[in-house]
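Chain and residue survey
The primary structure of each chain is shown beneath.
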Amino acid sequence: MWLRTSCDFSFNIIEPTPFVLMLRPRSGAQQWVAREEYKLTPSVPATEFTDIYGNLCQRLIALPPHFQVTTAAEVRTADYVDQSPGAPFVEIQYLPDSALNYLLPSRYSESDRFCDMATDIVAGYTLGYDQVAAISAWVHNNIHYRPGDSIEPVSAAEVNERGWGVCRDLSHLCIALCRSLSIPARMVVGYLHQLQPMDLHAWFEAYVGGRWYTFDATVNILQGGYVAIGYGRDAADVALYNQFGPAVFPTTQMVSVEQIVGDV
C-alpha cells in the first residue's frame, strides 16, 4: 500500500538550542520512500548524518522564540507483515556482526534479568520465530496497553512490575525477553496506518531464520501499514529529537497517516 505520513513539531525556544532530529524514513527491503518534504521554520542551516544504526539524522541550532519542524513522505509499504512460523533460531556463531549488539542488555531492556521468566513463557515452543511470537502474545495478554499514558520511558523491569505501559514500554519488555534467550531484538519507531489514537508508534523486530521479522505486542493480529523511521537497542537510541541545553518540550505535535488511493 501507499501511505502519506506527516509529522509537525512546534517548540518555544528560549535561547539558541542544538537539536539532533531523526524524522526521515529510509528506503529498504520493507518500504520505499518515493517523495519527501522537510521544512524548518524559521529556516536554519542543517547537516545530515547516518548514525551507527543506519538512521538518518539531522543536526541544527534552533533559534528563539518559536521553532517548527514539518515533515511529510509518500511511502510504499507492505500490505501484510511478513510472518514465518517455524523460522529457526540462529546460533550465535552464525549471526551477522551487525546483529550481535542486539543481544546485550541495554538501558531500558535489562535482558540479564529475564532468563527464567522468558524460559517459562516459551516452554514447549520451537526455537526461533515461534518463541518470539509466544513472547509477543504473552506481553499483549498480560501487560495492559495504555496509549498516551506515559511520558518518560520506563525499563522492561519497571513495566513488568507495574503491568501496563505505552507501545514503547511493551516493546522494551519483549526485547529484553528475546535477548535473554539469545535472540537478537531491536526497537523500531515510526508510523502505523490506522493506529488509534494516531501518534508515532514503537514496535520491535527479532532476528530469526536469517533475517529481521516484525512483531508488535500492542496488537492482536499483525497487519501491514508500518513505516519505520529509526532502529536501535531501545528508546535511548531512537528518540525522534534530542535537544541540548535548557529543557524544551513540544507545544504542538501532530501526526497523520493516510492511505493514498490511485497512482503516486
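The text that follows walks through the structure, step by step, so that each part is easy to find.

Definitions and limits used
- Residue numbers run consecutively from 1 along every chain, following the written order of its sequence.
- Local features in a predicted model are, by the rule used here, given only for residues with pLDDT of at least 70; side-chain atom pairs are given and counted only at 80 or more, and totals for whole chains, interfaces and linings are based on all residues.
- Excluding hydrogens and water, the side-chain values take into account all heavy atoms of the structure.
- By definition, two strands form a pair when at least two bridges between them are found by DSSP.
- Where helices and strands are cited, they refer to DSSP runs of H or I of at least four residues and of E of at least two residues respectively, numbered from the N terminus.
- Angular values range over 0 to 180 degrees, each being the angle between N-to-C directions of two axes fitted as lines to C-alpha atoms, with helices fitted over their stretch in contact.
- Multiplying 1.5 Å by the helix residue count minus one yields the expected span of that helix.
- Only Phe, Tyr and Trp rings are paired, with Trp represented by its six-membered ring, and only when their centres lie within 6.5 Å; those with planes under 30 degrees apart are stacked, over 60 edge-to-face, the remainder tilted.
- Under the scheme applied here, a residue whose accessible area is under 20% of the maximum for its type counts as buried, over 50% as exposed, and between as partly exposed, the area being computed with a 1.4 Å probe on protein chains only.
- Charges are assigned to positions over rings by a cutoff of 6 Å between ring centre and Lys NZ or Arg CZ, combined with an angular limit of 35 degrees from the ring normal.
- Salt bridge, as used here: a side-chain nitrogen of Lys or Arg that lies within 4 Å of a carboxyl oxygen of Asp or Glu.

Turning next to the sheet that holds strand 3 (residues 31-41). Overall, antiparallel pairing links the four strands, which are arranged 3-6-1-14 in an open sheet. Edge strands, defined here as strands with exactly one partner in the open sheet, are strand 3 and strand 14 (250-259). Strand-to-strand twist across the sheet, computed as the mean angle between neighbouring axes with direction ignored, equals 10°.

Take helix 5 (residues 167-180) next. Across its 14 residues, helix 5 extends 20 Å between first and last C-alpha, which sits within 8% of the 20 Å expected from 1.5 Å per residue. Note on helix 5: the residue one or two positions beyond its end, Ser182, has a positive phi of about 65°.

Before going further, it helps to examine the packing of aromatic side chains. For the coordinates displayed, the defined rule picks out 13 aromatic pairs. Each ring, one from Tyr53 and one from Tyr102, has its centre 6.3 Å from the other, and the planes form 45°; the classification is tilted. In this pair, Tyr53 sits in the loop between strand 4 (46-50) and strand 5 (56-62) while Tyr102 sits in the loop between helix 1 (97-100) and helix 2 (115-121), placing the two residues 49 residues apart along the sequence. Residue class for Tyr53 comes out buried when judged on its relative accessible area of 14%. Assessed through its relative accessible area of 5%, Tyr102 is described here as buried. Site record: aromatic cluster; members linked through ring pairs are Phe9, Phe11, Phe19, Phe67 and Tyr241. Lying across the ring of Trp212, Arg186 places its NZ or CZ 4.0 Å from the centre. A cation over an aromatic ring shows up here: Arg211 above the ring of Tyr213, its NZ or CZ 4.2 Å from the ring centre.

Our focus in this paragraph is the pattern of salt bridges. Summed over the entire model, instances satisfying the criterion amount to ten salt bridges. Each of Arg4, Arg35 and Glu74 takes part in salt bridges that share partners, so that together they form one network.

Cis peptide bonds are those with omega within 30 degrees of zero, and the linkage from Thr41 to Pro42 qualifies with 0°. As for its placement among the helices and strands, Pro42 is situated in the loop between strand 3 and strand 4. Despite not being glycine, Ser182 shows a phi value in the positive range, around 65°.

Nothing here speaks to function; it is geometry throughout.
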